[in-house]
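# Coordinates in review
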Amino acid sequence: MFWRITVQNAQTDLDRFDRAILDVLGRDGRISITDLAREIGLSKSPTQARLRRLESDGVITGYRALLDPIRLGLDHVAFVEVKLSETREKALRAFNAAVAEVPEIEQAHMIASHFDYLLKVRTTNMAAYRHVLGEKISALPHVASTSTYVAMQAVKETGLAEM
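Residues numbered from 1 in each chain as written. Predicted model: local features only at pLDDT ≥ 70, side-chain atom pairs only at ≥ 80, totals over all residues. Heavy atoms only, no water.

### Observations regarding the nonpolar core
Grouped together as the largest cluster of nonpolar side chains are 18 residues, with contacts concentrated most on Val82, Phe95, Ile105, Leu119, Val121, Ile137 and Leu140. When residues of this core are traced back to their parent elements, those giving at least two are β1 (76-84), α4 (89-99), β3 (117-123) and α5 (126-137). Those residues in contact with Ile105, other than ones at most four positions away along the chain, are Val99, Leu119, Lys120, Val121, Ile137 and Leu140. (Core = buried A, V, L, I, M, F, W, Y, C linked by side-chain atoms within 4.5 Å. Buried < 20%, exposed > 50% of the residue type's maximum accessible area, 1.4 Å probe, protein only. Helix = DSSP H or I, 4+ residues; strand = E, 2+ residues; numbered from the N terminus. Contact = heavy atoms within 4.5 Å.)

Have a look at this one:
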């Protein structure tokens with residue numbers, strides 16, 4: 001299963017039908033309401049009502065196409081440790097906002113470690129990565145230093161598999 005559904009509130013109560021809806025949508029986000037209802041064992045109206053509730057509650061945050069980065073020529077993946085010069089809330093907000101504007105940064109996580117952030121950066125090749133590192137990542141607010149780890153192969157790359 002490949003999930004593209006984000007749970008925003010861990011306290012959300014989900015029954016077996018809600019979980020079944022999420023499971024099916026995780027595999028096929030383009031399934032019709034009729035087919036979804038049939039697959040989870042409810043009629044169309046209650047299935048549609050549950051789906052709308054999951055969307056309005058923020059359990060389902062959106063739908064999107066899953067793109068194959070290799071076929072798009074984006075097969076260079078680097079993980080970048082970032083140490084900031086300052087970690088007060090204002091500095092963190094500035095860094096976070098700036099990271100969101102760099103399209104090559106596929107993921108960014110604040111880390112409890114000897115560094116502050118771990119970034120997943122996807123580019124076409126090493127030369128493109130060096131440009132992104134030198135011109136974009138190093139220029140982000142409050143960046144003190146970076147360390148790069150280049151991925152040789154993606155062994156597993158999926159979203160949520162089960163709830």
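### Regarding the environment of Pro103
Here Pro103 is to be found in the loop between α4 and β2 (105-110). Residue classification places Pro103 among the exposed positions, given a relative accessible area of 67%. Residues Pro103 and Thr123, spaced 20 residues apart in sequence, show a C-alpha to C-alpha distance of 9.7 Å.

### Notes on the environment of Phe17
Position of Phe17 among the secondary structure elements: in helix α1 (residues 16-27). Taking C-alpha positions, Phe17 is 8.4 Å from Thr47, a pair spaced 30 residues apart along the chain. Those residues within four positions of Phe17 in sequence are excluded, and the remaining contacts are Ile40, Gly41, Leu42 and Arg50.

### Concerning the pattern of salt bridges
Evaluated as defined, the whole model comprises 14 salt bridges. Here Lys136 ties to Glu104 by a salt bridge, and the two come within 3.0 Å at their closest N and O atoms. With Lys136 in helix α5 and Glu104 in the loop between α4 and β2, the pair connects residues that are 32 residues apart, well separated along the chain. A salt bridge links Lys120 to Glu157; its shortest N-O distance comes to 2.3 Å. In this pair, Lys120 sits in strand β3 while Glu157 sits in the segment after β4 (143-150), placing the two residues 37 residues apart along the sequence. By relative accessible area, which is 42% here, Glu157 ends up partly exposed. It is possible to trace a salt-bridge network through shared partners that takes in Asp15, Asp18, Arg50, Arg53 and Asp57. (Salt bridge = Lys/Arg side-chain N within 4 Å of Asp/Glu carboxyl O.)

### A closer look at α1
Side chains three or four residues apart in an α-helix point the same way, a direct result of the helix having 3.6 residues per turn. Between its first and last C-alpha atoms α1 spans 17 Å; for 12 residues at 1.5 Å apiece the expected length is 16 Å, and the two agree. Within α1, the full set of buried residues consists of Phe17, Asp18, Ile21, Leu22, Val24, Leu25 and Gly26. On its buried face, α1 sits against α2 (33-40) and α3 (44-56). Its side-chain oxygen 3.0 Å from the backbone nitrogen of Phe17, Asp15 forms the N-cap of α1. (Expected span 1.5 Å × (residues − 1). Polar contact = N/O pair within 3.5 Å; in protein donor to acceptor, adjacent residues only side chain to side chain.)

### Here's the deal with the side chain of Arg50
Mapped onto the elements, Arg50 comes out in helix α3. If near-sequence neighbours (up to four positions away) are discounted, Arg50 is found in contact with Asp15, Phe17, Asp18, Ile21 and Leu42.

### With respect to the sheet that holds β2
Taken together, the 4 strands give an open sheet; going across it, the order is β2-β3-β1-β4, and neighbouring strands pair in antiparallel fashion. Both outer strands of the open sheet, β2 and β4, are each paired with one neighbouring strand and no more. Across the sheet, the axes of successive neighbouring strands diverge by a mean angle of 20°, strand direction being ignored. Pairing geometry for β1 and β4, over 7 bridges, is antiparallel. The residue of β4 that forms the bridge with Val80 is Thr148. Running at roughly 135° to β3, α5 makes contact with β1, β2, β3 and β4 of the sheet. (Pairing = 2+ DSSP bridges. Axes fitted to C-alpha atoms, helices over the stretch in contact; angles between N-to-C directions.)

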